[in-house]
Structures are given as structure tokens and as C-alpha cells.
Amino acid sequence: MIKGRIVATAVIGAAALLLSLPVANAAQCGSSPAGFEGWKREFSAEAQGKGIGPTAISALMQTNYASATIAADRGQRSFSLSLDQFLAKRGATTIVAKGRQLKQSQAALFASIQQRYGVPPGPLIAIWGMETGFGSQRGNQNMLSSIATLAYDCRRPEFFTDQLYAALKLIDRGTLSGATRGSMHGEVGQTQFMPKNILAYGTGNLEVAANALNSTANFLKAHGWRAGAGYQPGEPNFAAIEAWNAAGVYQKAIALMGRQIDEGGTAASR
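Residues numbered from 1 in each chain as written. Predicted model: local features only at pLDDT ≥ 70, side-chain atom pairs only at ≥ 80, totals over all residues. Heavy atoms only, no water.

Which residues make up the environment of His223, and what are the values?
Position of His223 among the secondary structure elements: in the loop between helix 12 (209-222) and helix 13 (238-244). By relative accessible area, His223 is classed as partly exposed at 32%. Sequence separation between His223 and Ile241 is 18 residues; the distance between their C-alpha atoms is 8.5 Å. In this structure, His223 is in contact with Tyr201, Ala240 and Ala243, ignoring residues within four places of it in sequence. A polar contact is formed between the side chain of His223 and the backbone oxygen of Phe219, at a distance of 2.8 Å. (Helix = DSSP H or I, 4+ residues; strand = E, 2+ residues; numbered from the N terminus. Buried < 20%, exposed > 50% of the residue type's maximum accessible area, 1.4 Å probe, protein only. Contact = heavy atoms within 4.5 Å. Polar contact = N/O pair within 3.5 Å; in protein donor to acceptor, adjacent residues only side chain to side chain.)

Following this line, the structure appears as C-alpha cells:
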């Protein structure tokens, strides 16, 4: 019994010792610009330990705290609008009219995409129009600064830390650079891809419309899109649209505009 007590005491002592040892903490999030420079140094050290190369680390260290991104992240009010209000605010009538023209003028491109991925023109064109006005509004924020700021910010650090690691990998590969421009949350290209999705589904330079549209179709197919199935709410392919954007009003708008582009009609019809 004495021997058993000695062993038990030793185990308890070892456990206490382990608990008392210092633990390497991840870079700490913050809610103001004050801690951003210190956070970058900590995060860079962690990233180097995970195999991120010097080009990407150098780019990260040159980022600035993106106050405009934080303001935009806190003020996404359009997603709380009704569907009719959202369609009006986003210019759905214009998107549908222009989208129907593009469906005709770029018929060969959309036919090749549909043959390869099973995705018809309507939802792709609706996403293209909604995201960037068909490439006319791709954003002018520094992509890496935006994503680094959101990874540092305490609101959603886990999600954007994953995006930041993806962005750093893309910079190491030469796909993106520290100077790449995008939208407020770091989205880039004609249909606004986040870095993780570029790694997983990107096909070529996403500033080129054909590449972006192929990549978007690739994303939708990977998220369960079935050729020939419907994509309105309650139909099989609506889940793939849900995977593209988490906002319910956005999802319904894409499905509605896509149908109007594919089948005809105006943005006011249901």
C-alpha cells in the first residue's frame, strides 16, 4: 500500500508540474489599433513556425490596421433588409437586364461552364453582378491589411485567422502579393473570393472574368450543385448558394435574379 501511495503522489506531483509550466499562447486579439503591431510580431513568429515563407512574412509585417474594414464589418445593415428592399438597394433590375445581355454575348463561355460544372448562367451572372457590378467595383483596399486586421480583431478571429494563413500561402506561391487590392473583408477578383476559397476552388487569375466564373461554378459544384436540379429556396441546389454567402436575403436574391436571367422576366416579378 505504501508503494501505491508513493506512485500516486508522484503522478499527482508530475501533473501539478505540467500545469505550472508556461504555455505558448497564440497571438492575442484586440479591439483597437494599439495592439496591432505587437500582434503582427507574435503572429509572424507563429506563421514562420508553421512553414510560412519570408516573402509572405515580410508582406504581413508591412500591413496597416484597416480602420475602414472594421467600420464596414460593424455596419453590414443591408443584410437585415427585406428581400424587396435588398433587391432595390443592390440594383437587381439593372443586374438582371445586364445579365441577360451577357448571357447572350458570352454564350460560348457559359455553355462551356455549364457543361463542365452543371451550373447554368443565371446564378453565376447574378453572383457576378451582385458582387462587383460585373467587375466594375472590385474594391480598392489592401487585401492583406484587411484580413490581418480582422484576424487580429476579437469579433471573429478564428475565421479570419484561417483566411490569413491562406492569404500568406497564396503570397508565398506568387498567386497574390502584399499589394493585392480587394474589398473590405479581403475578397478579391470578379466574383470576390476569400483566400481559403481561392486555394480550394480558384482556377487562374480571378481578376479575369472567365476564370472567376469558372471558379465560382467549381465552388458551387463542390458544395453539392447537381446539373439540371432547381436552385430556388427548397430546391436541391439552393444549399450550394447558401454555402456561397451566409446571409439569407442575399441567397434569396441570387436565386431570384438567377431565375430571371435564365428564364426571362423583370426583377420585380416573383
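Give me the lowdown on helix 14 (residues 248-263), citing residues and values where you can.
In this model helix 14 runs 22 Å from its N-terminal to its C-terminal C-alpha over 16 residues, within 8% of the 22 Å that 1.5 Å per residue would give. Across the 16 residues that make up helix 14, a large majority, twelve, are buried. Three or more residues of helix 14 are buried, namely Val249, Tyr250, Gln251, Ala253, Ile254, Ala255, Leu256, Met257, Gly258, Gln260, Ile261 and Asp262. Looking at the packing, one finds that the buried side of helix 14 touches helix 5 (83-89), helix 6 (92-105), helix 8 (121-132) and helix 13. Remark: Gly264 follows helix 14 within two positions and exhibits a positive phi of approximately 95 degrees. (Expected span 1.5 Å × (residues − 1).)

Which residues make up the state of the cysteines, and what values go with them?
In the structure shown here, the tally under the stated rule is one disulfide. Between the sulfur atoms of Cys29 and its disulfide mate Cys154 the distance is 2.1 Å. Where Cys29 bonds to Cys154 through sulfur, the torsion about that S-S bond is close to 95 degrees, and the disulfide is right-handed. Note that Cys29 is positioned in the loop between helix 1 (2-20) and helix 2 (36-49) and Cys154 in the loop between helix 9 (143-152) and helix 10 (157-173), a separation of 125 residues in sequence. With a relative accessible area of 36%, Cys29 lands in the partly exposed category. (Disulfide = S-S within 2.5 Å.)

Residues and numbers for the packing of aromatic side chains, please.
On inspection of all chains with the given rule, the structure shows 13 aromatic pairs. Taking the centre distance of 5.4 Å and the plane angle of 85 degrees together, the rings of Trp128 and Phe134 count as edge-to-face. Since its relative accessible area comes to 4%, Trp128 is described here as buried. In this structure Phe134 comes out as buried when scored by relative accessible area, which is 17%. Taken together, the ring pairs connect Phe36, Trp39, Phe43, Tyr65, Tyr152 and Tyr165 into an aromatic cluster. (Phe/Tyr/Trp six-rings, centres within 6.5 Å; stacked < 30°, edge-to-face > 60°.)

Could you give me a rundown of helix 2, with the residues and numbers involved?
With 14 residues, helix 2 should cover 20 Å at 1.5 Å per step; its first-to-last C-alpha distance of 20 Å lies within 8% of that length. The complete set of buried residues in helix 2 reads Phe36, Gly38, Trp39, Lys40, Phe43, Ser44 and Ala47. For helix 2, the elements touching its buried residues are helix 3 (54-61), helix 9 and helix 10. A positive backbone phi angle near 95 degrees is found at Gly51, which sits one or two residues after helix 2.

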